[in-house]
Amino acid sequence: MPAMTEHDRPWPTSASAAPARLRSLATRLIGRNAAHADRISNAHLATVGATRWQYSTLVTLRDAGPASQAALSERTGIYRSDMVAVLNGLADVAYVERAPDPADRRRNIVTLTPTGRSHLRMLDQLVDEAQDDLLAPLSPAERAELIRSLQRLDDHHSSR
(Lines give C-alpha, C1' and ligand atoms only; values in the text may rest on other atoms or scores of the structure.)
Protein backbone atom coordinates (compact mmCIF):
# COMPACT_ATOMS: atom_id res chain seq x y z
CA MET A 1 0.00 0.00 0.00
CA PRO A 2 1.47 3.40 -0.96
CA ALA A 3 2.27 5.92 1.74
CA MET A 4 -0.38 8.51 2.54
CA THR A 5 0.20 11.98 1.20
CA GLU A 6 -0.98 15.11 2.97
CA HIS A 7 -3.99 15.15 0.61
CA ASP A 8 -5.01 11.61 1.66
CA ARG A 9 -5.02 12.25 5.38
CA PRO A 10 -8.37 13.17 6.89
CA TRP A 11 -8.67 16.53 8.56
CA PRO A 12 -9.48 16.59 12.25
CA THR A 13 -13.18 16.05 12.76
CA SER A 14 -13.19 19.06 15.04
CA ALA A 15 -11.76 22.21 13.47
CA SER A 16 -10.81 23.34 16.96
CA ALA A 17 -8.34 20.42 17.15
CA ALA A 18 -5.92 22.37 14.95
CA PRO A 19 -3.37 24.69 16.56
CA ALA A 20 -4.45 28.33 16.90
CA ARG A 21 -1.81 29.44 14.38
CA LEU A 22 -3.34 27.22 11.70
CA ARG A 23 -6.86 28.36 12.59
CA SER A 24 -5.75 31.97 12.05
CA LEU A 25 -4.44 31.52 8.49
CA ALA A 26 -6.86 32.76 5.84
CA THR A 27 -5.20 30.59 3.18
CA ARG A 28 -5.78 27.46 5.23
CA LEU A 29 -9.32 28.38 6.22
CA ILE A 30 -10.30 29.25 2.66
CA GLY A 31 -8.81 25.97 1.45
CA ARG A 32 -10.63 23.93 4.07
CA ASN A 33 -13.92 25.68 3.38
CA ALA A 34 -13.44 25.22 -0.38
CA ALA A 35 -13.14 21.49 0.29
CA HIS A 36 -16.31 21.57 2.40
CA ALA A 37 -18.11 23.53 -0.33
CA ASP A 38 -17.00 21.05 -3.00
CA ARG A 39 -18.13 18.09 -0.92
CA ILE A 40 -21.51 19.61 -0.13
CA SER A 41 -22.30 20.91 -3.62
CA ASN A 42 -21.10 17.70 -5.27
CA ALA A 43 -23.31 15.65 -2.96
CA HIS A 44 -26.40 17.72 -3.77
CA LEU A 45 -25.82 17.67 -7.53
CA ALA A 46 -24.98 13.96 -7.51
CA THR A 47 -28.52 13.16 -6.34
CA VAL A 48 -29.59 13.80 -9.95
CA GLY A 49 -26.38 12.67 -11.62
CA ALA A 50 -25.13 16.21 -12.28
CA THR A 51 -21.74 17.86 -11.76
CA ARG A 52 -20.57 21.37 -10.90
CA TRP A 53 -19.11 21.72 -14.39
CA GLN A 54 -22.44 20.84 -15.98
CA TYR A 55 -24.20 23.31 -13.70
CA SER A 56 -21.71 26.08 -14.52
CA THR A 57 -22.10 25.46 -18.24
CA LEU A 58 -25.91 25.47 -18.13
CA VAL A 59 -26.02 28.65 -15.99
CA THR A 60 -23.62 30.38 -18.38
CA LEU A 61 -25.74 29.45 -21.40
CA ARG A 62 -28.92 30.62 -19.65
CA ASP A 63 -27.47 33.90 -18.41
CA ALA A 64 -25.15 34.84 -21.29
CA GLY A 65 -26.88 33.11 -24.20
CA PRO A 66 -25.57 30.77 -26.88
CA ALA A 67 -21.80 30.61 -27.19
CA SER A 68 -18.93 28.79 -28.81
CA GLN A 69 -17.17 26.06 -26.87
CA ALA A 70 -14.16 28.35 -26.52
CA ALA A 71 -16.30 31.18 -25.11
CA LEU A 72 -17.96 28.78 -22.66
CA SER A 73 -14.55 27.59 -21.54
CA GLU A 74 -13.43 31.17 -20.94
CA ARG A 75 -16.63 32.18 -19.12
CA THR A 76 -16.77 29.14 -16.85
CA GLY A 77 -13.06 28.60 -16.24
CA ILE A 78 -13.35 25.01 -17.47
CA TYR A 79 -10.40 23.91 -19.61
CA ARG A 80 -11.29 23.56 -23.31
CA SER A 81 -10.47 19.85 -23.38
CA ASP A 82 -12.72 19.28 -20.36
CA MET A 83 -15.45 21.47 -21.84
CA VAL A 84 -15.76 19.10 -24.79
CA ALA A 85 -16.53 16.21 -22.40
CA VAL A 86 -19.00 18.34 -20.41
CA LEU A 87 -20.83 19.36 -23.59
CA ASN A 88 -20.85 15.80 -24.91
CA GLY A 89 -22.58 14.68 -21.72
CA LEU A 90 -25.09 17.53 -21.82
CA ALA A 91 -25.80 16.95 -25.52
CA ASP A 92 -26.32 13.21 -24.93
CA VAL A 93 -29.31 14.01 -22.68
CA ALA A 94 -30.52 16.87 -24.91
CA TYR A 95 -29.79 19.69 -22.42
CA VAL A 96 -27.74 21.54 -25.04
CA GLU A 97 -27.56 21.60 -28.82
CA ARG A 98 -24.55 22.28 -31.01
CA ALA A 99 -24.95 23.87 -34.42
CA PRO A 100 -22.42 25.27 -36.89
CA ASP A 101 -21.69 28.97 -36.38
CA PRO A 102 -23.04 30.80 -39.45
CA ALA A 103 -20.15 33.29 -39.18
CA ASP A 104 -17.48 30.57 -38.98
CA ARG A 105 -18.44 27.04 -39.98
CA ARG A 106 -15.29 25.67 -38.30
CA ARG A 107 -16.80 26.14 -34.86
CA ASN A 108 -20.05 25.23 -33.15
CA ILE A 109 -22.44 27.41 -31.22
CA VAL A 110 -23.91 25.77 -28.14
CA THR A 111 -27.48 26.57 -27.12
CA LEU A 112 -29.48 25.64 -24.03
CA THR A 113 -32.54 23.56 -24.95
CA PRO A 114 -35.96 23.79 -23.27
CA THR A 115 -35.21 20.44 -21.61
CA GLY A 116 -31.89 21.85 -20.38
CA ARG A 117 -33.62 24.96 -19.05
CA SER A 118 -36.07 22.81 -17.10
CA HIS A 119 -33.23 20.65 -15.73
CA LEU A 120 -31.35 23.80 -14.72
CA ARG A 121 -34.30 25.02 -12.63
CA MET A 122 -34.06 21.79 -10.62
CA LEU A 123 -30.26 22.16 -10.33
CA ASP A 124 -30.70 25.76 -9.11
CA GLN A 125 -32.83 24.43 -6.25
CA LEU A 126 -30.20 21.83 -5.36
CA VAL A 127 -27.44 24.44 -5.45
CA ASP A 128 -29.52 26.75 -3.23
CA GLU A 129 -29.90 23.87 -0.74
CA ALA A 130 -26.13 23.30 -0.86
CA GLN A 131 -25.55 27.00 -0.12
CA ASP A 132 -27.87 26.75 2.88
CA ASP A 133 -26.05 23.66 4.13
CA LEU A 134 -22.62 25.25 3.76
CA LEU A 135 -23.60 28.59 5.30
CA ALA A 136 -25.93 27.19 8.00
CA PRO A 137 -24.14 28.78 10.97
CA LEU A 138 -24.23 32.29 9.43
CA SER A 139 -27.01 34.85 9.63
CA PRO A 140 -28.34 36.37 6.39
CA ALA A 141 -26.24 39.51 7.01
CA GLU A 142 -23.13 37.42 7.64
CA ARG A 143 -23.78 35.41 4.46
CA ALA A 144 -24.08 38.60 2.42
CA GLU A 145 -20.87 40.01 3.93
CA LEU A 146 -19.00 36.76 3.28
CA ILE A 147 -20.11 36.78 -0.37
CA ARG A 148 -19.04 40.44 -0.76
CA SER A 149 -15.65 39.71 0.79
CA LEU A 150 -15.06 36.62 -1.34
CA GLN A 151 -16.07 38.55 -4.48
CA ARG A 152 -13.57 41.31 -3.61
CA LEU A 153 -10.80 38.76 -3.13
CA ASP A 154 -11.68 37.01 -6.38
CA ASP A 155 -11.87 40.28 -8.34
CA HIS A 156 -8.53 41.42 -6.92
CA HIS A 157 -6.65 38.23 -7.66
CA SER A 158 -8.35 37.58 -11.03
CA SER A 159 -7.19 40.96 -12.34
CA ARG A 160 -3.52 40.20 -11.67
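One can find the structure itself at the top, above this paragraph.
Residues numbered from 1 in each chain as written. Predicted model: local features only at pLDDT ≥ 70, side-chain atom pairs only at ≥ 80, totals over all residues. Heavy atoms only, no water.

Looking at the overall build of the chain
In terms of helices and strands, the chain carries seven helices and three strands. For 160 residues, the compact-globule estimate of 2.2 N^0.38 gives 15 Å, and the C-alpha radius of gyration of the chain, at 19 Å, exceeds that figure by more than 25%. For the chain, the spread of C-alpha atoms along the principal axes amounts to about 60 × 45 × 35 Å. In the chain, which comprises 160 residues, the share counted as buried stands at 24%. Long-range pairs, those at least 24 residues apart, make up 47% of the contacts in the chain with a sequence separation of at least 6. Carbon and sulfur atoms provide 54% of the accessible area of the chain, an area that totals close to 11000 Å². (Helix = DSSP H or I, 4+ residues; strand = E, 2+ residues; numbered from the N terminus. Rg over C-alpha atoms; globule rule 2.2 N^0.38 Å. Buried < 20%, exposed > 50% of the residue type's maximum accessible area, 1.4 Å probe, protein only. Contact = heavy atoms within 4.5 Å. Areas by Shrake-Rupley, 256 points an atom, 1.4 Å probe, with all protein chains shown as cover.)

So, the nonpolar core
One finds Tyr 55, Leu 58, Leu 72, Val 96 and Leu 123 to be the most contacted residues of the largest nonpolar core, which totals 21 residues. Contributions of two or more residues to this core are made by helix H3 (52-64), helix H5 (80-92), strand E3 (104-112) and helix H6 (114-134). (Core = buried A, V, L, I, M, F, W, Y, C linked by side-chain atoms within 4.5 Å.)

Points about the environment of Leu 134
On the secondary structure map, Leu 134 appears in helix H6. Its relative accessible area of 26% is what places Leu 134 among the partly exposed residues. In this structure, the C-alpha to C-alpha distance between Leu 134 and Arg 39, residues 95 residues apart in sequence, is 9.7 Å. Beyond its immediate stretch of four places on either side in the chain, Leu 134 contacts Asn 33, His 36, Ala 37 and Ile 40.

Some points on the sheet that holds strand E1 (residues 67-68)
As summarised here, the arrangement of the three strands in space is E1-E3-E2, forming an open sheet in which the pairing is antiparallel. Each edge of the sheet is formed by a strand with only one pairing partner; in this case those strands are E1 and strand E2 (96-101). (Pairing = 2+ DSSP bridges.)

Considering a nonpolar patch on the surface
On the surface, a nonpolar cluster with roughly 390 Å² of combined accessible area is contributed by Ile 30, Leu 146, Ile 147, Leu 150 and Leu 153. No other element matches helix H7 (residues 140-158), which puts four residues into the nonpolar patch. With respect to the helices and strands, Leu 150 occurs in helix H7. (Patch = residues over 30% accessible without salt bridge, like charges linked within 9 Å, V, L, I, M, F, W, Y side chains within 5 Å. Salt bridge = Lys/Arg side-chain N within 4 Å of Asp/Glu carboxyl O.)

Description of the pattern of salt bridges
This structure, assessed with the given rule, holds seven salt bridges. Ionic pairing is found between Arg 107 and Asp 101, a salt bridge with its closest N-O pair at 2.6 Å. Judged by relative accessible area, which is 41%, Arg 107 ranks as partly exposed. Among the salt bridges present, the one from Glu 145 reaches Arg 148, with a minimum N-O distance of 2.9 Å. Highlighted residues: Glu 145 and Arg 148, both in helix H7, separated by three residues, approximately one helical turn. Residue class for Glu 145 comes out partly exposed when judged on its relative accessible area of 40%. Of the residues examined, Arg 148 reaches a relative accessible area of 44% and is grouped as partly exposed. Residues joined by salt bridges that share partners form a network here, namely Arg 62, Asp 63 and Asp 124.

Brief notes about the side chain of His 44
By the element assignment, His 44 lies in helix H2 (residues 26-46). Excluding residues within four positions of it along the chain, His 44 makes contact with Leu 126, Glu 129, Ala 130 and Asp 133.

Structural notes on the environment of Ser 118
Inspection of the secondary structure assignment puts Ser 118 in helix H6. As a C-alpha pair, Ser 118 and Gly 77 span 41 residues in sequence and 24 Å in three-dimensional space.

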